[in-house]
Amino acid sequence: MYTVPLPRIGTDIAWRDAAKRLISAGVSPDQVLWDFDNEMGELFANATPLPPLVRRIKAPKSFVEMADWVVWHNDPQRFARLYALLWRLRHQNGLMQDRADPELAKLRQMEKGVHRCKHKMKAFVRFRDLRRNNERRSFAAWFEPTHHTVEPTAPFFARRFADMDWMIATPDVTAQFVDGNLSFHPGQPKPDLPEDAAEALWGTYFCNIFNPARLKVSAMTSEMPKKYWKNLPEAQHIHGLIAGAEAKVQQMRDAAPTLPPERAAKIKRQLRDDQADDV
Amino acid sequence: MAKLDLTQKLAILSDAARYDASCASSGTTRRDSRDGKGLGSTEGSGICHAYAPDGRCISLLKILMTNFCIYDCAYCINRVSSNVQRARFSVDEVVQLTIEFYRRNYIEGLFLSSGIIQSPDKTMEDMLRIAKRLREVENFRGYIHLKTIPDAAPELIEQAGLYADRLSINVELPTDNSVKAYAPEKNPATIRKAMGDVKARKDVAGERSYTGKRGKRFVPAGQSTQMIVGADASTDATILSHSTRLYGDYKLKRVYYSAFSPIPDATVKLPLIKPPLVREHRLYQADWLLRFYGFGVDEITASRPDGNLDLDVDPKLAWALQNRAGFPVNVNKASKEMLLRVPGFGTRTVGRILSTRRHRSLRYEDLLRMGASLKKAKAFITALDWSPGGLTDSADLRARFAPPPEQLSLF
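These remarks concern the structure in this document. (Residues numbered from 1 in each chain as written. Chains lettered and ligands numbered in written order. Predicted model: local features only at pLDDT ≥ 70, side-chain atom pairs only at ≥ 80, totals over all residues. Heavy atoms only, no water.)

**Let's talk about the packing of aromatic side chains**
Part 1: Taken as a whole, this structure holds 26 aromatic pairs over all chains when the rule is applied.
Part 2: Relative to Phe 79 of chain A, the ring of Trp 34 of chain A has its centre 6.4 Å away and its plane inclined at 40 degrees; by these criteria the two rings are tilted. Placement of the pair is Trp 34 of chain A in strand E2 (residues 32–36) and Phe 79 of chain A in helix H3 (residues 78–89), with a sequence separation of 45 residues. Across this residue pair, the class does not change: Trp 34 of chain A and Phe 79 of chain A are buried.
Part 3: The structure contains a cluster of three or more aromatic residues connected by ring pairs, namely Phe 127, Phe 156, Phe 157, Phe 161, Trp 166 and Phe 177 of chain A together with Tyr 102 and Phe 140 of chain B.
Part 4: Directly above the ring of Trp 87 of chain A sits Arg 90 of chain A, whose terminal nitrogen or CZ lies 3.4 Å from the centroid.
Part 5: For Lys 122 of chain A, the ring lying beneath its charged end belongs to Phe 156 of chain A, and the centroid distance is 4.9 Å. (Phe/Tyr/Trp six-rings, centres within 6.5 Å; stacked < 30°, edge-to-face > 60°. Helix = DSSP H or I, 4+ residues; strand = E, 2+ residues; numbered from the N terminus. Buried < 20%, exposed > 50% of the residue type's maximum accessible area, 1.4 Å probe, protein only. Lys NZ or Arg CZ within 6 Å of the ring centre and 35° of its normal.)

Rendered as C-alpha cells:
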C-alpha cells in the first residue's frame, strides 16, 4: 500500500511524478492512497517510498492535458479517479475518444468545472490600488475560488499585468507578482485593502450601461452566480437596479414628447446645406 | 450650465452607449506584456468581467466620446432633436478611465463610439487621437473596438484599423427604405462602401508581399455591424437575407440584432414598444444555424407564411417539425450534416457523437453524457436502444415544446 503525499502548491507536478512511478511499477489503483496537503493527518505519515521510475509508460496526450486540469478540482477523489483511468488506458486504446464512458465523462465534467473556475477568476478578480510610491504601481485583490485555481490561473495575470506589482490573496493559495517574478504562498484570511476611488466610477458605469427595459435577472445570475457577488464592488448596485427598472421604463413611456432643443433646427439647416454642397 | 464632473460624464456617456449590443473582445491576435513595457493582453477568447441585470456581458468599457450629434435618427437617444443631457469626454479622460479600469481587471478594453460633431472627419480624428494615445503613449495591448463614422475619409478609417482590434459600422435598419425614413442623414450606400473598404484593406493586410513580409496588422478581429429589430416593419426573412449578404459580401465577423428598446425623450415618429427580446433571441439562433449548421435562409424562414420566425419554438425545432419525413435519424449512421439538423444537438455534441461512434454503437444514455438535450432530440433520433416509435409523427409533438398559452398583459 502506497500513501502519496501531494502538496497544495505544485500539486500538478507532484501528482504526475507519482503517477508515472506507480504505473511503471504496475501498482494497481486499489494499492494507492492520495494525501492532499496532509489532510489524512499523522496516521498515514509514514509513507512507503514510491517505486523508482523503471520504464516510461506512454499515456495519450489528451489524458495528460486533462489531468493537468483535473488535479486542481476540489473533489477529494480527483487523484484516485485520474489514476484509475490511467490504469485502464494501459489496455484500452481509444478510451479517451469515448465521450460516453462514465468514468471519463465524470473526469471531463471535473475538467470543465476547473475551466469554468479559472475563467471566472480571470473575470472576477478585482484589484485595488495600494497607492505605494514605488516606480511600479502595486495592486492587490481578495478572491475566493471554488477550486484550487490560483496556481494555473496566475500566469494569465502575469502576462496581462506585467508592468505592475500585484497580489491575489485567497483562502487557498496566494499569488504574488513582484518585479516580474511570480511566486505562490499559503492561503490567508482576507487582508485589509485600502479603499479605491475607482470602484465608485466603475459602479457608475455598471449602473448606466444597464438597460432597464431588458431586465433578465436569470441570464445575469447564470453567468455571475451570487457566490461571487460579495467580492465584486459593482454587485452592491444590483438590487437597486432591479427594483427600479420598471419605474424607469414607465417613466420613459409616460413622458410626453418634447420640442426639439433650439439648436436642433439650426444644426439641421446647416447640415442640409453642407450635404447639398457635397452633391 | 455647471461643468460636469467625470462621474456625471461617465453616467451620461455610458447611458448613451448601452443600445449597442456588441461587447465582444474575442478573436483578435494574441498579445501580452511580458516584456514589462506595456499593459494588457489578448488571448483569443474574450472575457466577460461582469453581467448587468439585463443579462448582458460587460467586457469592454463601452462609451461615447460625446453624445452631441448633428444627425436626427429617430431610434437614437442621441439624435439632435432629443433633449437628453449632453456631455463630452476629453482625450485624457477616456484614456485614464480605460487604463485605470483595466489595471483593476474590470474590463478587457475600450469600445469607443461617438455622436457626429461638426463633421464626420472631425469626429473620427478625435476618436483616433484616443486610440493612438492608448497604443503609442500608454503602450496599451488590450482590446480596442472603434465604431467607425461611415462618412469619414477612407484614410482615417485606414488609420483606425491599425490601432483597433475591431471596427464596426452599424447598418442600423434592415432595409434602405427604413434607413431613409428613420435616419435621414445616413446613406446606406456610404455605409456599405465603408464596410467594403475595410474588407478590401483587411484582405490586402493578410497577403504577403514579394519579399514574404506580411503587411501591418489591420483590424485582426474583423468588423461587425448591428441592426435594430422591431423599429420598422421588416420581417425576419428580410433581416436574415440581409445578414447573409453582409456575411458574404463583407466577411463580417458578427451581425448583432438589437431589439428596439425604449429610450428617454423618444420621438413621436417612432412610438415606444416593449423590446421584442424573444424575437431578437430567435434571430440570433437563426443566425447561428446559417453560419455553423449548414441551413439556408429559405429553409429557416419557410415555416411561417408571414416570413417571421416562430416565437414559441427555436428555428431548428421549427424546421424539424415541418420536415418530419426526414426523421428519425440513426445517430450511429447519419452523416454529420444530418446530425447537425437534429434539434437538441449542438456542434459539440455532434463532434462527440462522430468521435465516439468510431469505437462503439451509441445508446440513449451515452447521448445524455455527451451533452445532448434529449428532451428535444428524442423524437427525432434512433439509437441502439432507442426508437421514438410514433412520437416523431404524433400530432401533438409541437405542443410538447411550445409554451402553454399565456394571458396577455397590457403594455
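**Quick look at empty space enclosed by the protein**
Part 1: Per the counting criterion, the structure on display carries four cavities of 30 Å³ or more.
Part 2: Considered as a void within the structure, the largest cavity measures approximately 590 Å³ in volume.
Part 3: The wall of the largest cavity is formed by 37 residues, among which Tyr 75, Cys 76, Lys 147, Asn 170 and Glu 172 of chain B lie closest to the centre.
Part 4: Taken together, the residues of the lining of the largest cavity sort by class into 18 nonpolar, ten polar and nine charged.
Part 5: Here the second largest cavity is characterised by a volume of approximately 100 Å³.
Part 6: Lining of the second largest cavity is provided by Tyr 205 and Ile 209 of chain A together with Arg 18, Ala 21, Cys 23, Ala 52, Asp 54, Arg 56, Cys 57, Ile 58, Leu 60 and Lys 62 of chain B.
Part 7: Looking at the lining of the second largest cavity, the elements that each hand over two or more residues are helix H6 (198–209) of chain A together with strand E2 (57–58) and strand E3 (60–64) of chain B. (1 Å grid on protein atoms, 1.4 Å probe; cavity = no way out; pocket = protein on both sides within 12 Å on 5 of 7 lines; lining within 4 Å. Points joined across faces, edges and corners; volume = space filled by probe spheres on them. Nonpolar A, V, L, I, M, F, W, Y, C, P; charged D, E, K, R; others polar.)

**Focus on the side chain of Ser 33 of chain B**
Part 1: Along the chain, the position of Ser 33 of chain B falls in the loop between helix H1 (6–15) and strand E1 (50–51).
Part 2: When near neighbours in sequence (up to four residues on either side) are disregarded, Ser 33 of chain B contacts Arg 159, Arg 160, Phe 161 and Ala 162 of chain A together with Gly 38, Leu 39, Gly 40 and Arg 141 of chain B. (Contact = heavy atoms within 4.5 Å.)

**Things to note about the pairing of strand E5 (residues 143–147) of chain B**
Residues and elements named next belong to chain B.
Part 1: Counting buried residues in E5 gives five out of five residues, a clear majority hidden from the surface.
Part 2: Along E5, one buried face is formed by Tyr 143, His 145 and Lys 147 and the opposite face, lined by Ile 144 and Leu 146, is buried too.
Part 3: Inspection of the sheet shows strand E4 (residues 109–113) paired to E5 by four bridges, in the parallel sense. Its bridge partner lying in E5, Phe 111 is registered against His 145.
Part 4: In this fold, the crossover linking E4 to E5 by way of helix H3 (residues 120–137) has right-handed handedness.
Part 5: Where E5 meets strand E6 (residues 166–168), three bridges bridge the pair, whose relative direction is parallel. Within E6, the residue paired with Lys 147 across the bridge is Ser 168.
Part 6: The β-α-β motif built from E5, the intervening helix H4 (residues 154–163) and the parallel element E6 has right-handed crossover chirality. (Pairing = 2+ DSSP bridges. Right-handed = clockwise from strand over helix to strand, strands pointing away.)

**Some points on the layout of surface pockets**
The gaps of empty space that remain are located by a probe, the size of a water molecule, rolled over the atoms.
Part 1: The volume enclosed by the largest pocket comes to roughly 1,700 Å³.
Part 2: Glu 223 of chain A together with Cys 48, Tyr 51, Arg 254 and Trp 288 of chain B are, among the 42 residues lining the largest pocket, the residues nearest its centre.
Part 3: Elements with a contribution of two residues or more to the lining of the largest pocket: helix H4 (102–124) and helix H7 (217–223) of chain A together with strand E8 (254–259), helix H8 (277–292), helix H12 (347–356) and helix H13 (364–369) of chain B.
Part 4: It is H4 of chain A that provides the largest number of residues to the lining of the largest pocket, a total of seven residues.
Part 5: Along the lines of polarity and charge, the residues of the lining of the largest pocket split into 15 nonpolar, eleven polar and 16 charged.

**Structural notes on the nonpolar core**
Part 1: Counting residues in hydrophobic clusters, the biggest one holds 164 residues, and the most contacted among them are Phe 127 and Trp 166 of chain A together with Phe 101, Phe 345 and Leu 367 of chain B.
Part 2: One finds Trp 34, Leu 85, Leu 89 and Met 110 of chain A within the second-largest nonpolar core, a separate group that totals 32 residues. (Core = buried A, V, L, I, M, F, W, Y, C linked by side-chain atoms within 4.5 Å.)

**Digging into helix H8 (residues 238–254) of chain A**
The α-helix advances 3.6 residues per turn, and as a result positions three or four apart in sequence lie on the same side.
Residue and element names in this part refer to chain A.
Part 1: Taking 1.5 Å of rise per residue, the 17 residues of H8 would be expected to cover 24 Å, and the 25 Å separating its terminal C-alpha atoms lies within 8% of that figure.
Part 2: Approximately 45 degrees is the largest bend angle found in H8, and it occurs at Ala 245.
Part 3: When H8 is considered as a whole, its buried residues turn out to be Ile 238, Leu 241, Ala 245, Val 249 and Met 252.
Part 4: Where H8 is buried, its residues touch H6 and H7. (Expected span 1.5 Å × (residues − 1). Bend = angle between axes of the 7 residues up to and from the residue.)

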